[in-house]
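Each chain is listed here by its residues.
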Amino acid sequence: MIVVTGATGNVGGSLVRALAAAGVPTTATSRNVSAADVPEHVAHRRADLADPAGLRAVFDGADALFLQNGGPSAHLLSPHGIVAVARAAGIGRVVLLSSQGVATRPESQSHGATALAFEEAVRQSGLAWTILRPGGFHSNAYAWAEPVRAHRTVAAPFADVALPSVDPDDIAEVAAVALRADGHDGRIYELTGPVATTPRQRAEALADALGEPVRFVEQTAEEARAQLLDFMPAPVVETTLSILGAPTAAERRISPDVERVLGRAPRTFADWARRYVAAFK
């Protein structure tokens, strides 16, 4: 059995569906998971990574674990405590959803340092492990869904700065392979899309998917900062704006790892937009 944490997220939910389609016994877990969030016949258990003791019943009997690093609240978690519970439960393999920021922004508490703490816990666990380091997700464009639905408008800063965002479904497929197949132990995979795209180009891809014009409005950095501060802590906002506006060479790099693992090219943002266009109608 495979336990998937973060099972209601973009990656975790996709992974649960992929494993279920392959007939793999799976338990989906998150703080608020329900039967509506998982395919029929997939077990679901509510649990909180902030409470390692509460994970014991979820992990019991599992062979492998997909572990997401807690996102913005990761600094509140105990990576070593979570991994210790997994090991005590008999789990032998863990695939960790980490962050590109471990390599590119190691000084950032929000993007690198906390993810590194999870990586160190996994690497020191004595378990077989694989680490996934994605960059930005195609699905970050969901932040545009409401204004696109209401006004057919996208507003974003740094209109012509390109980054190779990655499809969460591709991350999930890589995770599914690493959880089930040999040859991935001790590997760190950097996951990106096949091309770098700008916010302006992503808005154009949404327009193509909708079959209707979408107006692009370039925000100033200050306008974007004010908007992001409504739902992100200030340090996270500053690092996010730095990545979007002045990415490093490593953050611009297109990685071959998705294709190496899956044997096909990663999906483009336009592919993602066509599959999830209903969210923008």
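Residues numbered from 1 in each chain as written. Predicted model: local features only at pLDDT ≥ 70, side-chain atom pairs only at ≥ 80, totals over all residues. Heavy atoms only, no water.

1. Here we look at the overall build of the protein chain
Scanning the protein chain from N- to C-terminus turns up 13 helices and 9 strands. In terms of C-alpha radius of gyration, the protein chain reaches 19 Å, essentially the compact-globule figure of 19 Å for 281 residues. Dimensions along the principal axes, computed over C-alpha positions, put the protein chain at roughly 55 × 40 × 35 Å. When the 281 residues of the protein chain are sorted by exposure, 51% land in the buried category. Here the protein chain displays about 12500 Å² of accessible surface, and carbon together with sulfur accounts for 51% of that area. On the protein chain, the mean spot of the 26 positive side-chain charges and the mean spot of the 30 negative ones are 2 Å from each other. (Helix = DSSP H or I, 4+ residues; strand = E, 2+ residues; numbered from the N terminus. Rg over C-alpha atoms; globule rule 2.2 N^0.38 Å. Buried < 20%, exposed > 50% of the residue type's maximum accessible area, 1.4 Å probe, protein only. Areas by Shrake-Rupley, 256 points an atom, 1.4 Å probe, with all protein chains shown as cover. Lys, Arg positive; Asp, Glu negative; His and termini not counted. Charge placed at Lys NZ, Arg CZ, Asp CG, Glu CD.)

2. So, the sheet that holds strand S2 (residues 26-30)
One key point about sheets: their strands pair by backbone hydrogen bonds, in either a parallel or an antiparallel sense. If you walk across this open sheet you meet the 7 strands as S3-S2-S1-S4-S5-S6-S8, and the pairing is parallel. Since the sheet does not close on itself, it has two edges, and those belong to strand S3 (43-46) and strand S8 (187-191), each with one partner. On average, adjacent strands in this sheet sit at an angle of 15° to one another, irrespective of strand direction. Bridge count for strand S4 (residues 64-68) against strand S5 (residues 93-97) is 5 bridges, and the pairing is parallel. Looking at S5, one finds that Ala-64 is bridged to Arg-93. Most of the contacts of helix H1 (residues 10-21) go to strand S1 (residues 2-5), to which it runs at about 155°, and overall it touches S1, S2, S4 and S5. (Pairing = 2+ DSSP bridges. Axes fitted to C-alpha atoms, helices over the stretch in contact; angles between N-to-C directions. Contact = heavy atoms within 4.5 Å.)

3. Things to note about the packing of helix H9 (residues 221-228) against helix H10 (residues 234-245)
Between H9 and H10, whose axes approach to 10 Å, the crossing angle comes to 140°. With respect to each other, H9 and H10 are oriented oblique. Crossing angle aside, the handedness with which H9 passes H10 is right-handed. Taken together, the residues of H10 that come into contact with H9 (itself represented by Ala-221, Ala-224, Arg-225 and Leu-228) are Val-237, Glu-238 and Leu-241. Broken down by class, the residue content of the contact of H9 with H10 amounts to 5 nonpolar, no polar and 2 charged. (Parallel < 35°, antiparallel > 145°, perpendicular 65-115°, else oblique. Left-handed = near helix turned anticlockwise from the far one by under 90°. Nonpolar A, V, L, I, M, F, W, Y, C, P; charged D, E, K, R; others polar.)

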